[in-house]
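What follows is each chain in one-letter form.
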Amino acid sequence: MTDTSEQDRVLIFDTTLRDGEQSPGATMSHTEKLEIAALLDEMGVDIIEAGFPIASEGDFEAVSEIAKNAKNSVICGLSRAQIPDIERAWEAVKHAPRPRIHTFIGTSPLHRAIPNLTMDEMAERIHETVTHARNLCEDVQWSPMDATRTEHDYLCRVVEIAIRAGATTINIPDTVGYTAPRESAELIRMLIERVPGADTVIFSTHCHNDLGMATANSLAAVEAGARQIECTINGLGERAGNTALEEVVMALRVRNDIMPFATGIDTTKIMNISRRVSQVSGFPVQYNKAIVGKNAFAHESGIHQDGMLKNSETFEIMRPQDIGLSGTSLPLGKHSGRAALRAKLRDMGYEMGDNQLKDVFVRFKSLADRKKEVYDDDLIALLRDAGAAD
Ligand code: KIV
Ligand code: ZN
C-alpha cells in the first residue's frame, strides 16, 4: 500500500446528521444520532456536522449531547446568517473539546431574491454574522449557498468579506447538484487565485448528487486545492443526496497514484456504519451502490467467478476486507460456471469427481433457470437427488 504520511491531508466533514437527516423521511431519534456520531468519531471523521440547533429543541439537545461526548472529531452546528441562530448553534456546540460554528447564506441571484437583500446589504449581513460567530468561536465555517450559480465577481467579493471577518473554512456548496467536474475544479482554482487571504483558510467542497456527479465534483475540487470534503454515509441527503463518504474516501485510497491525498478514515469501519445509517434512517442501500451495495463485491457470472477464484484482482479493484467485509461473495445463479460450483461444494465439504460434478452441474443449471439465486439448502437437496449426498 502507498505510504500516505507525507501527503496533503483532505479533511472529511460528515453531514449525515444534518444534511443527511434533511432527506424527507430520514429522521433519526436522539439515541440513534448519538450512536451514529460515536461511530463517525471512531472511524476518524475530522468534523461532524451534528445538526441545525435552531431548527428544533430535539436538534439542539442532540447537538449538545454529541458535543459533550465527542472524543476526536470537531463538532459543528449549522446556523443561518442570523444572530439568534448563531448564538443557538454556539450554545449547542460549545461543550465540545473542539467546537465549530457553520453559518451560511444563499448568494446566487435566485437565493438573494428570497430575503430581498441587495448585493451590498447581503455583503454587510455576511460581515456582521461571521464577525459575531468568530467572537464566540475560534473555528468558523462560512458557506455561500448555491455558490455554483453565483456570479464569480460577487462570489469573490463575499468570500473575501467572510475571510476578513474571521472565517477559517470557506465551504463552496453545489447546492442543487448543477456543476460538472471541470467547472467544480475551475471554481475552486479561481477563488484561490483571486481572493485576497485565500491562503489563510481551508477551502471545502459540498456537492449534491442531482446529476450523479457529486463524487466526481468533490474530487475535482480537491485536485484544484480544496482540502475538505463534505459528505454523508451512503450519500444520504436531500433529493438525490450528497457526496457519499465511502466513495470519496475509497477513491482517494484506491487511486492514490493519481490523487495523492490522505484522509484519516479507518476504512474498515465503513460497512458497519453504512448498515447502521441505513437501518436508523430507513433508507435501503441500492444493491449496486458503489462500495457498500450488496453486489459491490459479488460476482455471479461464470467468467467472473472463475477469474476471481484464480486471482481476486481480475475483477476487484479493492479488497472487501478494506471496508470491513469478510470477503468476496460468489452467489450461485444461472450465469455461474462449473468452477464456482465446484468451489462452493468443496467449501460445504463435498468433494466429487468430474463425472459426478458434470451431473450435478446439469441439475444445478436447470434449477438456476427457475430460481434467481441457488442457496446452500438448494444444493444439498440437489446433491441428494443426484445421489451425491445422504
Ligand atoms: O447544500 C447546501 O448548500 C447546504 C448548505 C447549508 C451548506 O447544505
Ligand atoms: Zn447541502
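Just so it is clear, the structure is predicted and the values come from calculations on it, not from any experiment.

Attention shifts here to the overall build of the protein. Helix and strand content of the protein: 15 helices and ten strands. Each principal axis of the C-alpha atoms in the protein carries an extent, and together these give about 85 × 40 × 40 Å. Within the protein, buried positions represent 44% of all 390 residues. Contacts spanning at least 24 positions in sequence make up 72% of the contacts within the protein whose residues lie at least 6 apart.

This part is about the UniProt feature "binding site: Mn(2+)" (unreviewed entry) in the protein. The feature "binding site: Mn(2+)" (unreviewed entry), as annotated in UniProt, sits at Asp19, His206, His208 and Asn242 in this numbering. With the annotated positions falling across 224 residues, the maximum pairwise C-alpha distance of 10.4 Å places them together in a single cluster. When you line up the elements, Asp19 lands in helix α1 (residues 16-20). Residue Asp19 is classed as buried on the basis of its 24 C-beta neighbours within 10 Å. Dropping the residues within four chain positions of it, Asp19 is found in contact with Thr232, Gly237, Glu238 and Asn242. Within the element layout of this structure, His206 appears in strand β8 (residues 202-207). Contact partners of His206, with chain neighbours within four places excluded, come to Ser143, Asn171, Ile172, Pro173, Asp174 and Glu230.

Further remarks concern the confidence of the model for the protein. For the protein, per-residue confidence averages 96 on the pLDDT scale, and residues scoring 70 or more make up 99% of the total. For this predicted complex, the interface confidence comes out at an ipTM of 0.99, alongside a pTM of 0.95.

Before going further, it helps to spend a moment on unusual backbone geometry. If a residue is not glycine, its phi is most likely negative; likewise, a peptide bond is most likely trans. Despite not being glycine, Asp146 has its phi angle at roughly 60 degrees, a positive value. Among the secondary structure elements, Asp146 is positioned in the loop between β6 (140-145) and α7 (152-164). The exposure class assigned to Asp146 is buried, which follows from the 21 C-beta atoms found within 10 Å. With a phi angle near 65 degrees, Asn234 is a residue other than glycine that sits in the positive phi range. Its location among the elements puts Asn234 in the loop between β9 (228-231) and α10 (245-254).

Around the barrel, which closes on itself, the eight strands sit in the order β2-β3-β4-β5-β6-β7-β8-β9 with parallel pairing between neighbours. On average, adjacent strands in this sheet sit at an angle of 25 degrees to one another, irrespective of strand direction. Note: strand β4 (residues 74-80) against strand β5 (residues 99-106), six bridges, orientation parallel. Opposite Gly77, over in β5, you have Ile101 as the bridge partner.

This part is about the packing of helix α12 (residues 302-310) against helix α13 (residues 338-347). The interhelical angle for the contact between α12 and α13, taken along N-to-C directions, is 55 degrees, at an axis separation of 7 Å. On the basis of their axis angle, the class for α12 and α13 is oblique. Contacts between α12 and α13 involve Gly302, Gln305, Asp306 and Leu309 on the former and, on the latter, Ala339, Ala340 and Ala343. By residue class, the composition of the contact of α12 with α13 is four nonpolar, two polar and one charged.

With that settled, the discussion passes to the environment of Ile202. By secondary structure assignment, the location of Ile202 is in strand β8. Taking C-alpha positions, Ile202 is 6.2 Å from Arg227, a pair spaced 25 residues apart along the chain. The contacts of Ile202, once residues within four sequence positions are left out, are Leu11, Thr169, Arg227 and Gln228.

We now examine the UniProt feature "domain: Pyruvate carboxyltransferase" (unreviewed entry) in the protein. Annotation from UniProt places "domain: Pyruvate carboxyltransferase" (unreviewed entry) at residues 10-271. The annotated region residues 10-271 carries 44% helix and 18% strand content, and the separation between its end C-alpha atoms amounts to 21 Å.

Every regular strand shows the same layout, with side chains that alternate between the two sheet faces. Summarising burial for β4: six of the seven residues are buried, a large majority. Taken together, β4, helix α4 (residues 83-93) and β5 form a β-α-β motif whose crossover is right-handed.

It is worth spelling out the site of ligand 1 at this point. In the region of ligand 1, the neighbouring residues are Asp19, Phe104, Ser143, Met145, Pro173, Thr175, His206 and His208. Along the lines of polarity and charge, the residues of the shell around ligand 1 split into three nonpolar, four polar and one charged.

Of all eight residues that make up β5, eight are buried, and the element is covered over most of its length. Burial along β5 is two-sided: the face carrying Pro99, Ile101, Thr103 and Ile105 and the face carrying Arg100, His102, Phe104 and Gly106 are both buried. The pairing of β5 with β6 spans six bridges and is classified as parallel. Counterpart to His102 in the pairing with β6 is Gln141.

Here we come to the nonpolar core. Ile48, Ala50, Ile75 and Ala162 are the most contacted members of the largest nonpolar core, which totals 89 residues. In contact with Ala50, other than residues within four places in its own chain, are Leu17, Arg18, Ala37, Ala62, Val63, Ile66, Ala67, Ile75, Cys76 and Gly77. Leu330, Leu332, Leu345 and Phe364 belong to the second largest nonpolar core, which has eleven residues in total.

Because an α-helix packs 3.6 residues into every turn, residues spaced three or four apart end up facing the same way. Asp85, Ile86, Arg88, Ala89, Ala92 and Val93 are the residues of α4 that are buried. Taken end-on, α4 shows its buried residues confined to a sector of 160 degrees, consistent with a single buried face. Check the buried side of α4 and you find it contacts α3 (57-69), β4, β5 and α6 (119-136).

Quick notes on the rules
Residues numbered from 1 in each chain as written. Chains lettered and ligands numbered in written order. Predicted model: local features only at pLDDT ≥ 70, side-chain atom pairs only at ≥ 80, totals over all residues. Helix = DSSP H or I, 4+ residues; strand = E, 2+ residues; numbered from the N terminus. Buried ≥ 20, exposed ≤ 12 C-beta atoms within 10 Å, placed from the backbone. Contact = placed C-beta atoms within 7 Å. UniProt positions renumbered as here; feature names shortened; annotations may be inferred. pLDDT = per-residue confidence, 0-100. Pairing = 2+ DSSP bridges. Axes fitted to C-alpha atoms, helices over the stretch in contact; angles between N-to-C directions. Parallel < 35°, antiparallel > 145°, perpendicular 65-115°, else oblique. Nonpolar A, V, L, I, M, F, W, Y, C, P; charged D, E, K, R; others polar. Right-handed = clockwise from strand over helix to strand, strands pointing away. Near = placed C-beta within 6 Å. Core = buried A, V, L, I, M, F, W, Y, C linked by C-beta atoms within 7 Å. Arc of directions from axis to C-beta.

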